Amino acid sequence: MTSPILSINDAVKTYGSIRALDQVNLDVAEGEFLTLLGPSGSGKTTLLSAIAGFIKMDGGSLTLRSEDITNRPPEHRDFGMVFQGYALFPTMTVRENVGFPLKVRKKPAAEIQKKVNDALEMVQMGAFADRMPSQLSGGQQQRIALARAMSFSPQVLLLDEPLSALDKKLRADLQWELKALHNQLGVTFIYVTHDQDEALSMSDRIIILKDGSIQQQGDPNTLYNRPRNKFVADFLGKSNFIDVTVGAQTGTTLQCAAKGVAFNVETDTHNAAGSDVKLALRPERLKLGAPGEEFLPAVVKQVSYLGERCQVIVKHETLGEMLISCPTWKTDITPVAGLAVSIGWDPDAPVVLSED
Amino acid sequence: MPRMNEKVSYWMLVVPALAIMVIFYIVPVLGIWKIAFTEPETGLTNFVAMAGSNAVKTSFVITFRVAAITTIGCLFLGYIVAYAISNYSSRLTPLMVALVILPFWVSVLIRSFSWIVLLGRSGIVNDALKGAGLIESPLRLMHNELGVLIAMIHVMLPFAILPMLTNMRGISGAYVLAARSLGAGEWTAFRQVYFPQTMPGVMSGALLVFVLSLGFFVTPALLGGGRVLMISEYITYQIQEFLNWGLGSALSVGLLVATALVLLIAARFVNLRAALLERK
């Protein structure tokens, strides 16, 4: 990474006995789309508030382009921010809202006029300049909030669950637009969400937080396919977990045994023979077949039809219940509850988790 | 016929309150209007006398001045209290709201007498100032407009705080944070973003205090000691001392009309429906 635009060093914030931020270290690259992902209470919003300057950290420092901004008030940080509830000022028109950051910076009227028009054009809301925020739909308010946060060309754009109040279809559309906007402007985005789909679809890099500390970070592909621990494997997408005892490892091939079932796993990790490890197995990597077709016999417990995909819960005698997700358009069998089937997976499907 | 039933039950709910209003309020008020136009003789005599009297004019001026200054004082102090309650220390909020409402449990009469004890020639305030060597002779803190204003602001303060508090507690903290993140300092964020959103609360508080102050009797009578003659006290004099029911009634008609005018003028600038009825 070239020198980061923003660095968070050893950030600590406690609320009573709760550590909302527990020694967080993070470098943000210029122009990056960075997502802070975690369940509620994971510290993601606290971290964003600390970056914005809304809360004072109990320890640690914040550096913007190698300048210490730990104690700089929010209005001098030059970060745009989009809020969960949009926070458009209800007493101002759309134009006044978008022009607000320019007005408080005492820009000349002509410049304000031009930049407001540009910002509204950017989010295709030029026709709504003279409306009041209360006359706009949620999606439109979201666009105005974005235009307002961008109108003064901030160094970094902070987004706090900006899509969470919208319905699913609109959310999906706006995800494409946000990503396109990010590519077009090249501004650094720091995006907070609890929605894994949002994180996966837009981010260059995802930071997964839990209990105020970073669990794992990386690009969406790496995080999804190489989760480090059970929390990441289960939070980002779904996973089946199998506790196995490791046998001999030859090169990348690892012998595994779990409750009377033996199979080989392809892995780039190194594991001492005799150790116990946990494997994560994605539902879509499990294969469902007629009895005898795959290597483990099982019985279908429950089926959930989702249109393009079908989720099936099957039960194996010793391994217990497993979730399988199979495309509905190419299954040879139609799973129904009580049907005897077989399940299996390719050797490279299971991921050996390196920690608990 | 569910519609019919709904209508019937609606009127069943409204009629008792409406009956009380008509019998004990509307009818007596109409009686006052009648007296104003008929005693001692039918015609506009009372109103001509009222318009010609300098004492009445002075009293109206004092009434409106006291009500206006009381309103401004209550808004200023009340805004600070309401702001503090709604923006800081959520743990103490119930206690602070209780402290605002607590004075309602004590009669206005008692509260006004307490102010006499505090502000009198040898009251607590004067004694304390003398004891501290700050003054030689006692200050005149009551039986003048100052005393009336101090006590009026105290009595009216909750009426200013409560509507403003309701309004402010409905304003999300995100607005000020948004303004700050967009480059506005603390003061600019307050001035341009927070304050305009509190205007409905300020307006309904102002209206409430002003209209209540116009017809207020107990506190001005006690703290004014007959020297600050507001209209309500003037009316009492006419009726109790001079048995001049005609002029007394005419004055109360005048006060009612003046109050209605204030509301009408206010309605031109404020959405009264929103300010008084639809509090979020």
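The model shown is predicted, which means the values in this text are computed figures rather than measured ones.

## As for the overall build of chain B
Reasoning step 1: From N to C terminus, chain B includes 13 helices and 0 strands.
Reasoning step 2: Written out in order from the N terminus, the α and β elements of chain B read α-α-α-α-α-α-α-α-α-α-α-α-α.
Reasoning step 3: Considered along the principal axes of its C-alpha atoms, chain B spans approximately 80 × 70 × 35 Å.
Reasoning step 4: Put simply, chain B has 280 residues, and 38% of those count as buried.
Reasoning step 5: Intrachain contacts of chain B at a sequence separation of at least 6 include 72% that bridge at least 24 residues.
Reasoning step 6: A total accessible area of about 16,100 Å² is found for chain B, and carbon and sulfur atoms account for 71% of it.
Reasoning step 7: Between the mean site of the 18 positive side-chain charges and the mean site of the 10 negative ones, chain B shows a separation of 10 Å.

## With respect to the pattern of salt bridges
Reasoning step 1: Inspection of the entire model under this criterion finds 18 salt bridges over all chains.
Reasoning step 2: Between R65(A) and E30(A) there is a salt bridge whose closest N-O contact spans 2.9 Å. Of this pair, R65(A) sits in the loop between strand 4 (59-64) and strand 5 (67-68) while E30(A) is found in the loop between strand 2 (18-28) and strand 3 (33-37), placing the two residues 35 residues apart along the sequence.
Reasoning step 3: What makes R65(A) partly exposed here is its relative accessible area of 39%.
Reasoning step 4: The partly exposed category is assigned to E30(A), whose relative accessible area is 48%.
Reasoning step 5: Where R180(B) meets E75(A), a salt bridge forms, and the shortest distance between an N and an O atom there is 2.7 Å. With R180(B) in helix 8 (residues 174-181) and E75(A) in the loop between strand 5 and strand 6 (79-82), the pair connects residues from two separate chains.
Reasoning step 6: Note on R180(B): relative accessible area 14%, which makes it buried.
Reasoning step 7: Judged by its relative accessible area of 12%, E75(A) is buried.

## Details of helix 1 (residues 44-52) of chain A
Residue and element names in this part refer to chain A.
Reasoning step 1: When you tally the buried positions in helix 1, you get 8 out of 9 residues, the bulk of the element.
Reasoning step 2: Of all the residues in helix 1, the buried ones are K44, T46, L47, L48, S49, A50, I51 and A52.
Reasoning step 3: Phi for G53, located one or two positions after helix 1, is positive at around 95 degrees.

## Observations concerning the UniProt feature "domain: ABC transporter" (unreviewed entry) in chain A
Reasoning step 1: Here the UniProt feature "domain: ABC transporter" (unreviewed entry) sits at residues 6-236 of chain A.
Reasoning step 2: Counting secondary structure, residues 6-236 of chain A comes out at 36% helix and 26% strand; the distance between its end C-alpha atoms is 25 Å.

## Quick notes on a positive patch on the surface
Residue and element names in this part refer to chain B.
Reasoning step 1: Together, R121, K130, R140 and R227 line one region of the surface with positive charge.
Reasoning step 2: Its location among the elements puts K130 in helix 6 (residues 124-131).
Reasoning step 3: Exposure remark for K130: the relative accessible area of 35% places this residue in the partly exposed category.

## Notes on the interface of chain B and chain A
Reasoning step 1: Residue-level contacts link 17 residues of chain B with 21 residues of chain A.
Reasoning step 2: The junction of chain B with chain A conceals about 1,600 Å² of combined surface from both sides, 70% of it contributed by carbon and sulfur atoms.
Reasoning step 3: Broken down residue by residue, the surface that chain B buries against chain A is led by S181(B), L182(B) and Q192(B), which jointly contribute 39%.
Reasoning step 4: On the surface where chain B and chain A come into contact, there are 1 salt bridge.
Reasoning step 5: With 7 residues, helix 8 of chain B is the largest single contributor of residues to the side of chain B that touches chain A.
Reasoning step 6: Classifying every residue of the side of chain B that touches chain A gives 9 nonpolar, 6 polar and 2 charged.

## Quick notes on the domain arrangement of chain B
All names here are of chain B.
Reasoning step 1: Domain annotation of chain B identifies domain 1 (1-38) and domain 2 (54-104 + 140-277).
Reasoning step 2: Taken together, the contact between domain 1 and domain 2 spans 5 residues of the former and 8 residues of the latter.
Reasoning step 3: For the pairing of domain 1 and domain 2, the buried interface totals around 520 Å² over both sides, and the portion due to carbon and sulfur atoms is 83%.
Reasoning step 4: Linking domain 1 with domain 2 are 0 salt bridges, by the criterion used here.
Reasoning step 5: In this assembly, domain 1 and domain 2 are joined by 0 residue pairs in polar contact (both at pLDDT 80 or more).
Reasoning step 6: Considered class by class, the residues forming the side of domain 1 that touches domain 2 number 5 nonpolar, no polar and no charged.

## Considering the pairing of strand 17 (residues 309-316) of chain A
Residue and element names in this part refer to chain A.
Reasoning step 1: Alternating residues of strand 17 divide into C310, V312, V314 and H316, all buried, and R309, Q311, I313 and K315, none buried.
Reasoning step 2: Bridging between strand 16 (residues 296-305) and strand 17 involves 6 bridges; their strand directions are antiparallel. Bridged to Q302 within strand 17 is I313.
Reasoning step 3: The pairing of strand 17 with strand 18 (residues 320-327) spans 8 bridges and is antiparallel. Along strand 18, the bridge assignment pairs H316 with G320.
Reasoning step 4: Hairpin connection from strand 17 to strand 18: 3 residues lie between these consecutive antiparallel strands.

What counts and what doesn't
Residues numbered from 1 in each chain as written. Chains lettered and ligands numbered in written order. Predicted model: local features only at pLDDT ≥ 70, side-chain atom pairs only at ≥ 80, totals over all residues. Heavy atoms only, no water. Helix = DSSP H or I, 4+ residues; strand = E, 2+ residues; numbered from the N terminus. Buried < 20%, exposed > 50% of the residue type's maximum accessible area, 1.4 Å probe, protein only. Contact = heavy atoms within 4.5 Å. Areas by Shrake-Rupley, 256 points an atom, 1.4 Å probe, with all protein chains shown as cover. Lys, Arg positive; Asp, Glu negative; His and termini not counted. Charge placed at Lys NZ, Arg CZ, Asp CG, Glu CD. Salt bridge = Lys/Arg side-chain N within 4 Å of Asp/Glu carboxyl O. UniProt positions renumbered as here; feature names shortened; annotations may be inferred. Patch = residues over 30% accessible without salt bridge, like charges linked within 9 Å, V, L, I, M, F, W, Y side chains within 5 Å. Buried area = accessible area lost by both parts, 1.4 Å probe. Nonpolar A, V, L, I, M, F, W, Y, C, P; charged D, E, K, R; others polar. Domains from an automatic or database assignment. Polar contact = N/O pair within 3.5 Å; in protein donor to acceptor, adjacent residues only side chain to side chain. Pairing = 2+ DSSP bridges.

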